[in-house]
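# Secondary and tertiary structure notes
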Amino acid sequence: MAKRKVDTENRGFQTRWESEYMFTKVAGKPVCLLCGESVAVLKEYNLRRHYETKHADKNKNMDMEQRLQKAEELKRGLKSRQALFKKAKSQGQAAVKASFILAEEIAKSARPFTEGDFIKNCMIKVCDEVCPEKRQLFLNVSLSRNTIAERVDQLSINLKEQLVKKGKDFIAYSLAVDESTDISDIAQLSIFIRGVDSNLSVTEEFLALRPMHGTTTGHDLYEEVSRCVNEMELPWEKLVGLTTDGAPAMCGHRSGLVAKIREKMQEENATGELTAYHCIIHQEALCGKALKMEHVMSIITRTVNFIRAKGLNHRQFKAFLTELETEHGDLPYHTEVRWLSQGKVLQRCFELREEICLFLDSKGKDTTQLRDEMFLCEMAFLCDITSHLNAINLQLQGRDRVISDMYSTVKAFKTKLTLWETQMRKENLSHFPSCQTMKEKLSTSAFPSTQLADKIGMLAADFRRRFADFEAQKSRLELLGNPFAVDVESSPPNLQMELIDLQCNDALRAKYAAVGAAEFARFLPGTMPQLRIQAAQTLSMFGSTYLYEQLFSLMNLNKTSHRSRLTAEHLHSILRISSAQSLTPNIDELVEKMGHHQVSPSTSNK
């Protein structure tokens, strides 16, 4: 005979037991109103035995009505204690949640952990004026340096756990890797991941920041990247692309990071081919150097430095511009690392070229070069072409950019360069306003259109050379960019049948026109599995290193000369929180995990 189970017997609590045995039901269990003990099994025998054993003498002289009144009084007391406990627990959880919220804000704003104490002092002073009766609630919120540091670490761990969970659903992913040096001369290796799940939803997140205290060879970089991939439990066969900054340690044919990862994929019997490429934005910036016009930029930089480097010169120059009532009141600095600054400096110097010469004359400086017509023509050309390069640079920047769209932007710019070269040879300066201005002001010499057209040709040739890797991926990128225009016959055999079905489907064609290339992939039906896999692989590819350029800016904001001893672990946690995009910390879950850890009231009067 099978053993009976209590749970299947549907034993119910009877109201009469409250007055007879002084028991009530709390959370499904019978609890004694007199001593607070609970009985494991809900049986009248157990309740009666407990009452007769421990409390029989207490209520033996009461009649039934008195016993009922006593039971009700004890129940009210129990409910009151329960409410008080719940309120205390609720207040404690609210204080913990508040500390998590503030820790997240401190991390995002690049503030030191000690800012928590300052924030708490401000909160208490505001509370004293607005709601003094709630002062203790604010005091209960722990915002000490150690607490903020701990909360930031917990938030970071929570984000990593979410990313690991998402990573298990990736059907394709790519990595972006770059290395930079912080203020303490420690090489920091940043790694980002871009993954696509079976629904073709893209997740683009910070994966890790690894300090490199020794050498930074290709092998060293590989060890760190490999460790990150293994910690995420990501299968190597689903790795599609690797974006780098093009440094030898990254791209070396034998011992570079790319070569090492390809070896690892072969060891893991990965069937797919790793696509490794140099950041589009970085290459576009390097193309600008093909113009070989450093002699123009050096003269401008020297001029700007003379005006800006000394406070007296700078003040006098600004006063001089104010006196002349010019449109601009100052000159910006040019920084080599900040590529966009060159265009701003050139534009401003060209617009203020006459005022700059007058000011330098007043200082006794030689302005022969700055007044030379050939130099001014070259300066005007460099100003215009840099403006065009900056425009494409801005188009390529930003998160969640699809590589096929970025490739289309570069392809369009190469076509523009061909047009500009042709027009320049014919002295058609429609797209070069500064050059047009100079041509109209030339007195003797003719405008050097042939020489400048050759410069545009050199720039176009460098674009073709640097973006040859993307030309090799042209068919894959066009398949995502516009699958309805792809030539079926030249496509891979495993895609041809599905491509024909796709291109003959009017509903899908209308959907493509409505949502665009990036979103359309998600609407590919399950009957086209090969196209979906191809789309997932292309969507997972990074187009640029914009993410880690932004990350290094955040790193420099956090690890300053005043916070140079910030630990690697804390810096990693801060950057994970501040760079998170599609993920947000689950603070309620963190508070719940802390369980019964109550925040004790502060004894401080801060």
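Preceding block: the structure.
Only a predicted model underlies this, so the values are computations on that prediction, with no experimental measurement involved.

## Some points on the packing of helix α12 (residues 311-324) against helix α14 (residues 353-362)
Helix packing geometry: the angle between the two helix axes and the distance between the axes. Two elements in contact, α12 and α14, have axes whose closest approach is 11 Å; the angle formed by their N-to-C orientations is 125°. As the angle between them shows, α12 and α14 are arranged oblique. Here the hand of the crossing between α12 and α14 comes out right-handed. Across from Asn313, Gln316, Phe317, Phe320, Leu321 and Leu324 in α12, the residues of α14 making contact are Glu355, Ile356, Leu358 and Phe359. For the contact of α12 with α14, the per-class residue count stands at seven nonpolar, two polar and one charged.

## Focus on the packing of aromatic side chains
Enumeration over the complete set of coordinates arrives at 10 aromatic pairs. Relative to phenylalanine 359, the ring of phenylalanine 320 has its centre 6.1 Å away and its plane inclined at 45°; by these criteria the two rings are tilted. Here phenylalanine 359 lies in helix α14 and phenylalanine 320 lies in helix α12, a separation of 39 residues in the sequence. Here phenylalanine 413 and tryptophan 420 contribute two aromatic rings whose centre-to-centre distance is 5.6 Å and whose plane-to-plane angle is 85°, an arrangement assigned as edge-to-face. For the pair shown, phenylalanine 413 and tryptophan 420 are each scored as buried. An aromatic cluster is built from Phe381, Phe413, Trp420, Phe432 and Phe463, whose rings are joined through pairwise contacts. We note arginine 151 situated over the ring of phenylalanine 100; from NZ or CZ to the ring centre the distance is 4.8 Å. One residue, arginine 563, lies across the ring of phenylalanine 113, its end atom 5.6 Å from the ring centre.

## Quick word on the pairing of strand β5 (residues 202-212)
Counting buried positions along β5 yields nine of 11 residues, so the element is predominantly enclosed. The sheet contact formed by strand β4 (residues 187-197) and β5 spans 10 bridges and is antiparallel. Bridge pairing in β5 places glutamine 188 opposite proline 211. Counted between consecutive antiparallel strands, the loop separating β4 from β5 contains four residues, among which leucine 200 sits at a positive phi close to 60°.

## Quick notes on the nonpolar core
When a protein is soluble and globular, its nonpolar side chains tend to lie buried together. Counting residues in each nonpolar core, the largest one holds 148 residues, and the members touching the most others are Leu175, Ile261 and Phe381. Setting aside residues no more than four positions away along its own chain, leucine 175 makes contact with Ile191, Phe192, Ile193, Leu207, Val225, Val229, Leu239, Gly241, Leu242, Thr243 and Phe542. Among the nonpolar cores identified, the runner-up in size contains 14 residues, and Trp17, Tyr21, Leu33 and Leu74 belong to it.

## Let's talk about helix α4 (residues 115-130)
Side chains that are three or four residues apart share a direction in an α-helix, a result of its 3.6 residues per turn. For α4, built from 16 residues, the straight-helix expectation of 22 Å at 1.5 Å per residue is met to within 8% by its first-to-last C-alpha distance of 22 Å. Taken together, the buried positions of α4 are Gly116, Lys120, Met123, Ile124 and Cys127. The arc that holds every buried residue of α4, seen down its axis, measures 100°, which confines them to one face. Exposed residues lying more than 90 degrees from the buried face of α4 are Lys125, Val126 and Glu129.

## Let's talk about the pairing of β4
Across the 11 residues of β4, 11 count as buried, placing the element largely inside the fold. Side-chain alternation along β4 places Ala187, Leu189, Ile191, Ile193, Gly195 and Asp197 on one buried face and Gln188, Ser190, Phe192, Arg194 and Val196 on a second face that is also buried. With 11 bridges connecting them, strand β3 (residues 170-181) and β4 associate as antiparallel partners. Looking across to β4, one finds that threonine 181 is bridged to alanine 187. Between β3 and β4, which pair antiparallel and follow one another directly, the connecting turn spans five residues, one of which, aspartate 185, has a positive phi of 65°.

Basis of the calculations
Residues numbered from 1 in each chain as written. Predicted model: local features only at pLDDT ≥ 70, side-chain atom pairs only at ≥ 80, totals over all residues. Heavy atoms only, no water. Axes fitted to C-alpha atoms, helices over the stretch in contact; angles between N-to-C directions. Helix = DSSP H or I, 4+ residues; strand = E, 2+ residues; numbered from the N terminus. Parallel < 35°, antiparallel > 145°, perpendicular 65-115°, else oblique. Left-handed = near helix turned anticlockwise from the far one by under 90°. Contact = heavy atoms within 4.5 Å. Nonpolar A, V, L, I, M, F, W, Y, C, P; charged D, E, K, R; others polar. Phe/Tyr/Trp six-rings, centres within 6.5 Å; stacked < 30°, edge-to-face > 60°. Buried < 20%, exposed > 50% of the residue type's maximum accessible area, 1.4 Å probe, protein only. Lys NZ or Arg CZ within 6 Å of the ring centre and 35° of its normal. Pairing = 2+ DSSP bridges. Core = buried A, V, L, I, M, F, W, Y, C linked by side-chain atoms within 4.5 Å. Expected span 1.5 Å × (residues − 1). Arc of directions from axis to C-beta.

Don't take any of this as a statement about function, it's just geometry.
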